[in-house]
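Below are the chains, spelled out letter by letter.
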Amino acid sequence: EDKVVQSPLSLVVHEGDTVTLNCSYEVTNFRSLLWYKQEKKAPTFLFMLTSSGIEKKSGRLSSILDKKELFSILNITATQTGDSAVYLCAVEGTGTASKLTFGTGTRLQVTL
Amino acid sequence: DAGITQSPRHKVTETGTPVTLRCHQTENHRYMYWYRQDPGHGLRLIHYSYGVKDTDKGEVSDGYSVSRSKTEDFLLTLESATSSQTSVYFCAIRGQGNEQFFGPGTRLTVL
């Protein structure tokens, strides 16, 4: 059974801090790892990572995958209150259906 | 915005009644998915579809059925709703890079 574990479960930081969110996984046949941001609505897509060691970057957010150690990190620099959300990690297996297995998320709160 | 709408957005129903949730997409995506999201469990796949009349089960399919008679519509039916099916239901489509994009969700309460 595929499994995704995220840590920490939640954290509170001050605006301007840098945070690192962790995602480890066990999956029978790995194709990709995805990060989503969820505020009080639907998850929105952030990144898809398929190759080890290649950083994906979008503004203050970046992510990297380690396929040998089976984990990924999501970094957010210079955090803002608008970054407050639940961050979800998911892994895709190699079947044709692109089924995703999700972790339970990390709840990030950014305070002034 | 991947052109996904869900209806209804909120529904309260009673145990034992049938419920159908609708997902509609406007961009001709082949793959569509239904998930439920519950505290402590994250998002879990209920059913998915890989084309008209082609569907398959996900991780938590018991008590649910689906139908896809047109590319743009994917219906999720609870034949006889139970309180354990109180949840937020998300529909998703698969994009060109295999990433999934989610609809706005339906909050279902079964009393």
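A short tour of the structure in this document, coming up. (Residues numbered from 1 in each chain as written. Chains lettered and ligands numbered in written order. Predicted model: local features only at pLDDT ≥ 70, side-chain atom pairs only at ≥ 80, totals over all residues. Heavy atoms only, no water.)

## Considerations on the nonpolar core
Alright, step 1. Core analysis: the biggest nonpolar cluster contains 23 residues, and Tyr 25, Phe 30, Leu 33, Trp 35, Tyr 87, Val 91 and Leu 108 of chain A have the highest contact counts within it.
Alright, step 2. Within the residue set of this core, elements represented by two or more residues are β2 (10-14), β3 (19-26), β4 (30-38), β5 (44-49), β7 (61-66), β8 (71-76), β9 (85-93) and β11 (106-111) of chain A.
Alright, step 3. Not counting chain neighbours up to four residues away, the residues in contact with Phe 30 of chain A comprise Tyr 25, Leu 49, Thr 50, Leu 65, Lys 67, Val 91, Glu 92 and Thr 94 of chain A.
Alright, step 4. Counting 20 residues, the second largest nonpolar core, distinct from the first, contains Tyr 36 and Ala 90 of chain A together with Phe 90 and Ala 92 of chain B. (Core = buried A, V, L, I, M, F, W, Y, C linked by side-chain atoms within 4.5 Å. Buried < 20%, exposed > 50% of the residue type's maximum accessible area, 1.4 Å probe, protein only. Helix = DSSP H or I, 4+ residues; strand = E, 2+ residues; numbered from the N terminus. Contact = heavy atoms within 4.5 Å.)

## Re the packing of aromatic side chains
Alright, step 1. Evaluated as defined, the whole model comprises 15 aromatic pairs over all chains.
Alright, step 2. With a centroid separation of 5.7 Å and an interplanar angle of 85°, the aromatic rings of Phe 102 of chain A and Tyr 35 of chain B are classed as edge-to-face. With Phe 102 of chain A in strand β10 (residues 100-102) and Tyr 35 of chain B in strand β4 (residues 32-38), the pair connects residues from two separate chains.
Alright, step 3. On the basis of relative accessible area, Tyr 35 of chain B is assigned to the buried category, the value being 0%.
Alright, step 4. Here the aromatic residues Tyr 36, Phe 45 and Phe 102 of chain A together with Tyr 31, Tyr 33, Tyr 35, Tyr 48, Tyr 50, Phe 90, Phe 101 and Phe 102 of chain B are joined through ring pairs into a cluster of three or more. (Phe/Tyr/Trp six-rings, centres within 6.5 Å; stacked < 30°, edge-to-face > 60°.)

## Notes on the interface of chain A and chain B
Alright, step 1. Between chain A and chain B, the residue contacts involve 19 residues of the former and 20 residues of the latter.
Alright, step 2. When the two sides are added together, the surface that chain A and chain B hide from each other amounts to roughly 1,500 Å², 58% of it contributed by carbon and sulfur.
Alright, step 3. Looking at the side of chain A facing chain B, the largest losses of area belong to Ala 97, Lys 99 and Phe 102 of chain A, adding up to 27% of the total buried there.
Alright, step 4. Along the contact surface separating chain A from chain B lie zero salt bridges.
Alright, step 5. Joining chain A to chain B, the criterion identifies six residue pairs in polar contact (both at pLDDT 80 or more).
Alright, step 6. Looking at the side of chain A that touches chain B, the elements with two or more residues in it are β4, β5, β9 and β10 of chain A.
Alright, step 7. The leading source of residues in the side of chain A that touches chain B is β4 of chain A, at four residues. (Buried area = accessible area lost by both parts, 1.4 Å probe. Salt bridge = Lys/Arg side-chain N within 4 Å of Asp/Glu carboxyl O. Polar contact = N/O pair within 3.5 Å; in protein donor to acceptor, adjacent residues only side chain to side chain.)

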